[in-house]
Each structure stands twice: as C-alpha cells, then as structure tokens.
Amino acid sequence: MLQRGKGLRKSAPSTSERLVRRGLLAVMVVGIVIVGISEMIYTLTHQPAGIDFAPLWTAARLAATTPERIYDFAKVTGLQQWFLRGYFGMRPYAYPPSALLVLSPFAAAPFAWAYGLWVVATGAFMAWAAARLCPARPWMAALLTLLATPNFTVIDTGQTTFLIAGLVALAVPEANRRPWLAGALFAFAALIKPTTLILTPFALLSGGHWRALAWSVAVGLAGVAVSALVFGVPTWFDWLSAVPRFQRLIENPYMLPAAITPSGAAIAFGMRGLPLLAVRLLCVLFAAGVIWRVWRNTDDSAVRMAVLLGGGILAAPYALQYDAALLAPAAAATMIATLDRPDWLRGLAGILLLTAAGIPHAGAFAIIAVVPVLAWPGLGIDYSTFLRRQPSVSTP
C-alpha cells in the first residue's frame, strides 16, 4: 500500500492563506447552490416533480398484484398518466426485481408522501454516510455533499442516487475493517442499481479484499433468491430483456444531451457500430486501469470511492446528469482533506467539475476529468515533482 504522506509534504498555510481559501470555498458553494436551484426551477417548468420516482412507485404497487407486468413499458407508463399531465414518452421501470424489496414499503403511501419521504430519507442517509467518510469534519462533509449541484436534479426527479452513494460511502472504509459488512453493503447497492457497481468485483480483487468479495457474492445471490421468491423467477428474465429496450429509449435526441458517459456522448455525436464499440472498450480499460492502480496503492476511502463510482459511470452503457451526484461524498471529502494542503485547488476542481457535469453535452467530459482529479493521490504520482521548488545547481 502507498505510504500516507509520501510524495506530498503538508505545509501549514498562513492565516491569510486560510482565509482566502475558505473565502473561495464559501463563494464556490454559494455559486453551485445558485446553479443547482436554477437548474431545478428550469427542470420543474418542463416536467413534474418526482418524475423518475413515479415509475418506481408505480412498479412497486403493480408488483403487489401482477409482478409479471412490471416490465411492460406501456402498462407502467399508462398507470402514470394521472401524474404525467401531458408529458409524452415512455416512463418504464428498468431496475432489477430486487430493487422492489426496498421500494415496496414506499408504495404503501400516497405518491406525494412517498416521494417526499424517499428524497428526505435517502438524502439524510447519504449525508450521514458522507460524514462518516470524513470524521475530522463530519458536519462540513455532510453539508458540502448535500449542496453539490447534481443533487438538486436528484431531488426534483426522485432518483435512487442518494441511496447508492450512501451505501458505497459506508462500504468502502469497511473493506479492511469488516469485510463482511463491506460485502453486504456493496451487494445491497448492486441489487438496486447494478450498472453503477459493475466494476466492484474488480476493485475488490485489486485491493486484495477476497473476503469482502465473497460476502458480496453471497449476499447478492441471497437478494436475488429472495426477490425471485417474492416476485417470481420470470421477473428476472423480464428485466434482462427490458434493459436493452430501456437503453434504446434513452438513446434519443431528447435524452442524449443529459448523458454523462463517453458512450452517450459518442452516440450524441453520431458514432455507431465498431467506432462506438471501440469507445466503450477504451472506457472500460481506462476505468479498470485507474481502479486497479488506486485500490492497490491507497486505503484512502474517498479516493477509492471516487474511482469505483467514477469508473463505473465511465464504463456503463448509460448514465445521466443525476448520476454525477454519486461522486458528491468523495468530492466533499477531498475538498476538506486538501483545504490546508498545497493541492487544495484539486478539491475545488473536483466540486466544480461535478457542477459542469450538468451542462448539456459536457457531462461526459466533466466525468472523464473529475475521476483522475479525485484519484490523483492514489495513482502513486509524486506531488513534490510539481509543488516543491527545486534547488538551484551551481556550476563550477
């Protein structure tokens, strides 16, 4: 493992430097909040609040009576017409059947109450997990995490991003301490949104966390078995057939500007066939390489979380702007950790790049940039090469 402190010498900033850095951080936070609120207001003028939670709530209610219809896109969309108010397009349920185990309790409440409770509960959970990720300044970590710009999109859509980010933020530090807990938490997250955790087994192997991987597989298989028992084995085959149909739905001119994967950006620019396949393969190789390097070199939880989820986004066939919120806890922890260090601008850059992920057609480039920015310490590069003044050499 990489020795902590190697390559980057901490030098305490002066009082004036501290004030300047904290002043810039405060200005940046106000700025990203303004951007986030503006984006939320604009979005809500074009679609109702909770538009992405509606299919989850609807499918969970449908699963209680006719689980064989939860991947019937037309059926699920038709049951939402009371809510969509003229909003056109399919609104299917595309999560695996295992996610319904979490969603079903919310389906018992009326939609407005369920949506509000979902956002508050999952947001509070992510903030609590972010605070545990940065025990030196837990309240600051929770606040910075919650105020990240992509979170405002998660709030107005009702997505699952807060829950996934919280589970991973809790899981990563436990890989060394309590591998059984880390494995279970990774499995819970994958049972809800497997595309996000697609590279988790490789990360655990890279870090030598065999027991965590074994627990993850065991708990994951148990979750599949329970959901198959509750909703029926055929629902899993229905989901497998629904995934490519859902991907085709989001590969349309309306959705592509919000894509934050290189694959989505390539499709938006007209790439198809072998060139698109080459882009996807390169993204998987790049993400895997960064994950392998970081998970072997450092135990820093924020860095590991950043490459795991950032790499997952890069390797995924699709991800949208709200998925950038997955990196909010890692970006907040990085900002706090670097605030009094020479590389403090890296922390600012991480949060600003998450904000840039919300710019149409720019999300993929922001994610490509933010992953190495947050992962830098784990890449084993000696900061002193860039930050330390080299002594002059006198000539005889």
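Quick caveat, the model's predicted, so the values are computed rather than measured.

## Things to note about the overall build of the protein chain
Phase 1: Secondary structure summary: the protein chain contains 20 helices and 0 strands in total.
Phase 2: In terms of C-alpha radius of gyration, the protein chain reaches 21 Å, essentially the compact-globule figure of 21 Å for 396 residues.
Phase 3: Expressed along its principal axes, the backbone C-alpha trace of the protein chain runs to roughly 85 × 45 × 45 Å.
Phase 4: For the protein chain, the residues scored as buried account for 54% of the 396 residues in total.
Phase 5: Taking all contacts inside the protein chain whose residues are at least 6 apart in sequence as the whole, residues at least 24 apart take part in 75%.
Phase 6: Of the roughly 18,000 Å² of accessible surface on the protein chain, 70% is carried by carbon and sulfur atoms.
Phase 7: The averaged location of the 15 negative side-chain charges in the protein chain is 6 Å from the averaged location of its 29 positive side-chain charges.

## Structural notes on the packing of aromatic side chains
Phase 1: Applying the stated criterion to the full structure yields 15 aromatic pairs.
Phase 2: Taking the centre distance of 4.8 Å and the plane angle of 55 degrees together, the rings of Phe83 and Phe111 count as tilted. Here the residue Phe83 occupies a position in helix H4 (residues 81-84), and Phe111 occupies one in helix H6 (residues 111-133), the gap between them amounting to 28 residues. One exposure class covers both Phe83 and Phe111, and it is buried.
Phase 3: Through successive ring pairs, a cluster of aromatic residues spans Phe53, Trp57, Trp82, Phe83, Phe106, Phe111, Tyr115 and Trp118.
Phase 4: The ring centre of Phe73 lies 4.2 Å from the NZ or CZ of Arg245, which sits over that ring.

## With respect to the side chain of Thr157
Phase 1: Inspection of the secondary structure assignment puts Thr157 in helix H8 (residues 149-157).
Phase 2: By relative accessible area, which is 4% here, Thr157 ends up buried.
Phase 3: Here Thr153 takes part through its backbone oxygen, which lies 2.7 Å from a polar atom of the side chain of Thr157.
Phase 4: If we skip the residues at most four places from it in the chain, Thr157 touches Gln47, Gly50, Ile51, Asp52, Phe53 and Tyr115.

## Considerations on empty space enclosed by the protein
Phase 1: Overall, the coordinates contain 5 cavities of 30 Å³ or more when judged by the stated rule.
Phase 2: In this structure, the largest cavity occupies an estimated 70 Å³ of space.
Phase 3: Lining the largest cavity we find Gln247, Ile250, Glu251, Leu256, Ala259, Thr261, Gly264, Ile267, Pro317, Tyr318, Ala319 and Leu320.
Phase 4: Secondary structure elements with two or more residues in the lining of the largest cavity: helix H13 (234-250) and helix H14 (262-268).

## Brief notes about the packing of helix H9 (residues 161-177) against helix H10 (residues 179-192)
Axis angle and axis distance: for two packed helices, these are the angle between their axes and the distance between the axes, and together they describe the pair.
Phase 1: In contact at an axis separation of 7 Å, H9 and H10 are set at 155 degrees when each is read in the N-to-C sense. When the interaxial angle is binned, H9 and H10 end up roughly antiparallel. In this structure, the crossing between H9 and H10 has a hand that is left-handed. Together, Leu163, Ile164, Leu167, Val168, Leu170, Ala171, Val172, Glu174, Ala175, Asn176 and Arg177 of H9 and Pro179, Leu181, Ala182, Leu185, Phe186, Phe188, Ala189 and Ile192 of H10 make up the contact between the two elements.
Phase 2: Among the residues making up the contact of H9 with H10, the classes are represented as 16 nonpolar, 1 polar and 2 charged.

## Considerations on the packing of H6 against helix H7 (residues 138-146)
Phase 1: Relative to each other, H6 and H7 sit at 135 degrees, their axes nearing to 7 Å. Between H6 and H7, the interaxial angle falls into the category oblique. Here the hand of the crossing between H6 and H7 comes out right-handed. The segment H6 lies against H7, with Gly123, Met126, Ala127, Ala130 and Ala131 engaging Pro138, Ala141, Ala142, Thr145 and Leu146.
Phase 2: A breakdown of the residues in the contact of H6 with H7 according to their chemical character gives 8 nonpolar, 2 polar and no charged.

## Comments concerning the layout of surface pockets
With a probe scaled to a water molecule rolled over the atoms, the places where space remains empty come into view.
Phase 1: Roughly 1,300 Å³ of volume is contained in the largest pocket.
Phase 2: Only helix H1 (15-44), helix H2 (53-63), H8, H13 and helix H16 (301-315) provide two or more residues apiece to the lining of the largest pocket.
Phase 3: No other element matches H13, which puts 5 residues into the lining of the largest pocket.
Phase 4: Among the residues making up the lining of the largest pocket, the classes are represented as 30 nonpolar, 13 polar and 5 charged.

## Comments concerning unusual backbone geometry
Phase 1: Phi at His361 is positive, roughly 70 degrees, even though this residue is not glycine.
Phase 2: Owing to a relative accessible area of 40%, His361 belongs among the partly exposed residues under this scheme.

## Topic: H13
Phase 1: The end-to-end C-alpha distance of H13, which contains 17 residues, comes to 25 Å, matching closely the 24 Å that a straight helix rising 1.5 Å per residue would cover.
Phase 2: The axis of H13 is deflected most strongly, by about 30 degrees, at Ala242, and proline Pro244 appears within four residues downstream.
Phase 3: Within H13, the full set of buried residues consists of Thr235, Trp236, Trp239, Ala242, Phe246, Gln247 and Ile250.

## A word on the nonpolar core
Phase 1: By size, the foremost hydrophobic cluster in this structure holds 118 residues, and its most contacted members are Phe53, Tyr93, Leu100, Val168, Phe186, Trp295 and Ile367.
Phase 2: Tallying contributions element by element places H9 first for this core, with 11 residues.

Conventions we followed
- Residues numbered from 1 in each chain as written.
- Predicted model: local features only at pLDDT ≥ 70, side-chain atom pairs only at ≥ 80, totals over all residues.
- Heavy atoms only, no water.
- Helix = DSSP H or I, 4+ residues; strand = E, 2+ residues; numbered from the N terminus.
- Rg over C-alpha atoms; globule rule 2.2 N^0.38 Å.
- Buried < 20%, exposed > 50% of the residue type's maximum accessible area, 1.4 Å probe, protein only.
- Contact = heavy atoms within 4.5 Å.
- Areas by Shrake-Rupley, 256 points an atom, 1.4 Å probe, with all protein chains shown as cover.
- Lys, Arg positive; Asp, Glu negative; His and termini not counted.
- Charge placed at Lys NZ, Arg CZ, Asp CG, Glu CD.
- Phe/Tyr/Trp six-rings, centres within 6.5 Å; stacked < 30°, edge-to-face > 60°.
- Lys NZ or Arg CZ within 6 Å of the ring centre and 35° of its normal.
- Polar contact = N/O pair within 3.5 Å; in protein donor to acceptor, adjacent residues only side chain to side chain.
- 1 Å grid on protein atoms, 1.4 Å probe; cavity = no way out; pocket = protein on both sides within 12 Å on 5 of 7 lines; lining within 4 Å.
- Points joined across faces, edges and corners; volume = space filled by probe spheres on them.
- Axes fitted to C-alpha atoms, helices over the stretch in contact; angles between N-to-C directions.
- Parallel < 35°, antiparallel > 145°, perpendicular 65-115°, else oblique.
- Left-handed = near helix turned anticlockwise from the far one by under 90°.
- Nonpolar A, V, L, I, M, F, W, Y, C, P; charged D, E, K, R; others polar.
- Expected span 1.5 Å × (residues − 1).
- Bend = angle between axes of the 7 residues up to and from the residue.
- Core = buried A, V, L, I, M, F, W, Y, C linked by side-chain atoms within 4.5 Å.

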